[in-house]
Amino acid sequence: MTPVVKDSRTVTVEDGTVTVKGWVQDIRNLGGISFLILRDRFGTIQITMPKKKLDPTLFESITSLPRESAVAVTGEVKESKQTGLGLEIIPSGLQVYGEAAAPLPLGVVDKVNAEMDTRLNNRFMDLRKPEVRAVFELKSLMVSLIGEAMRANGFEQIHTPKIGAEGAEGGSTLFKVDYFGRPAFLAQSPQLYKQMLMSTGLDRVYELGPAFRAEHSNTNRHVTEFISFDGEMSWIENQSDIMHMIERILNHVLNGLAERGGRQLSVLGKEIRVPTSPYPVLTYEECLRMVREAGLELADGEDLGTEGEKIIGDIMSDGGHDLYWITEYPEEAKPFYIMEKEGTPYSFSFDLDYKGQEISSGGQREHRYDVLTDRMRKKGLDPGDFGFYLDAFRYGMPPHGGWGIGIERLLAKVLDLPNVREAILFPRDPGRLSP
Ligand code: ATP
C-alpha cells in the first residue's frame, strides 16, 4: 500500500493504517453505505463506510458528525476508481478534536455566494474555502518574492515607527491617538523616515508594513489600513532609475507567482499575464487628452480619478498592456517632497497603473534643503514642524527617490479580484473595526 502522504501534519501512516486529520466537509448516507468527505488545506479525501462491515458505534459516531467538525480518522487505505484521488479510507477509529456547532454561520461548499459582510464577519469560516485561502497563500508568496527581489538588488529591509508626532502629507487623513496624554498619529506612510535614511549610507531600503489612512471613502479600492511596500534608493541620476527598478522587482514577483503559485492559481481559475519591460510611459497631459477624447470632462491639472484611470486602462489593455506609467504630474498635485521639473508646471513623479487602477506612486525627491523648505512653504506647511526630517537634509543628502505600492491593490489586480478587501484577511474600513 502506498498512501499519498501529503503532509506529515495531516496524514500519518503506521503498519498499513493511516490517520488523516481535517474538517468534515460532507456526509452522505446511501442506505447500506455512507461516505465522509474530509478536507484539509490540500484537498479532500473520501472515507467509505460499508455499514455491515463497520463497528456500529463507530459508524454511528462518524455519520452523525456535524459538518465542519475538526476530526482525525484512522483506517485502511484502499484503491478506488470512484474517487478523484484514486483511493479511499475504510475507517477503524475516530477522534473528535472540535465538534462544530450548527447551524454554520456560513456554508463552506455552498454554491450560492454569501454577501461580503457575512463573509467578513465570519472570516475564519470563509477562509476554509480553498479559493478564499488561495488568495492569502499567493499573498504570502508575493511577500517572499518581493523580499527575494529586494535582496537581489541590494536593498535592506527596514522597520519605521507607526506612531509619531507628525504626518508626512498633512493632517486630514491621519488617525489621531492618545499617546500618554499627548496627541500622536498613526503613520500614513514611512515617507519621512525612509528619506532620512538616504543620508546614512543605507542607500537602498524597503519596508513592508501597515499604512493607516483616515479616508472616509467606501470604495472597492480603499481601506483604512493596508500593507504598503515602500522602497527608497539614493545616488540616482533621475526618476528612470527608480522606474527601472520597480519593473525589475514586479517582473520577478509576477513571474514567481506564475511559476510557483500554480496550484493556487488553478484553484482560482486564473492565469497571470507577465509583462515585458519596458512598460509603456504616458505623460499626464497625454492621459488628459485620451480621457477627454473619450468624453470625460476634466479640468487642467485635475486628478484623472477612478473613471479617467479606467478609460486609460481600457485603451492600454486593447494594446496588450496591463502595466504602464503615468509621468509628469503637475507639481501642484504632488506633495512637498517631490522634485519640481524646473521651468515647467510639472514634477519628477510617476504613478504606476495596473489594468486601469493606480497601484503605486513615486518619484524623485527634492534633496536640496533650501528648495525643499521653499516647497514646504509653498504648500502651506511650516518647515519648523519638520525639524527632525529636515536635519537629515542639512549635512549632505544625496539625490534619491522611491515609491509606495499597496500590496493588496497589486494582488487584487493580479488576480482580478473585484474588491481590495478580498486580499485582506481582516479589512478595516470606515464601517468595519472588527473582527
Ligand atoms: P488613491 O488616489 O487611489 O486614493 P493615493 O494617491 O492616496 O491613492 P498614495 O498615497 O500615493 O495613494 O499611496 C501609494 C499606494 O498605496 C497607492 O498607489 C495604493 O496602491 C496604496 N494605497 C493608498 N491608499 C490606499 C487605501 N486607502 N487602501 C488601499 N491601498 C491604498
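Source: prediction; values computed, not measured.

Q: Can you lay out unusual backbone geometry for me, pointing to particular residues and giving the numbers?
A: Following A102, the chain continues to P103 via a peptide bond in cis, the omega torsion being -5°. The topology assignment puts P103 in the loop between β6 (87-98) and α2 (116-121). Omega for the bond connecting S277 with P278 falls within 30 degrees of zero, at -5°, which places this linkage in the cis form. Looking at the element boundaries, P278 is found in the loop between α7 (262-268) and β13 (281-283). Positive phi, close to 50°, is recorded for F180, a residue that is not glycine. A relative accessible area of 77% places F180 in the exposed class.

Q: How would you explain helix α12 (residues 407-414) if you had to name every residue and give the values?
A: Across the 8 residues of α12, 8 count as buried, placing the element largely inside the fold. Within the span of α12, buried status applies to I407, E408, R409, L410, L411, A412, K413 and V414. Count one or two residues on from α12 and you reach D416, which has phi positive near 55°.

Q: Report on the sheet that holds strand β10 (residues 182-186), specifying residues and quantitative values.
A: The 3 strands are arranged β8-β10-β9 in an open sheet whose pairing can be described as antiparallel. Where the open sheet ends on each side, the last strands, each with one partner, are β8 (163-164) and β9 (176-179). Pairing analysis gives 2 bridges linking β8 to β10, with the strands arranged antiparallel. Following the sheet pairing, I163 is matched in β10 by L186.

Calculation notes
Residues numbered from 1 in each chain as written. Predicted model: local features only at pLDDT ≥ 70, side-chain atom pairs only at ≥ 80, totals over all residues. Heavy atoms only, no water. Helix = DSSP H or I, 4+ residues; strand = E, 2+ residues; numbered from the N terminus. Buried < 20%, exposed > 50% of the residue type's maximum accessible area, 1.4 Å probe, protein only. Pairing = 2+ DSSP bridges.

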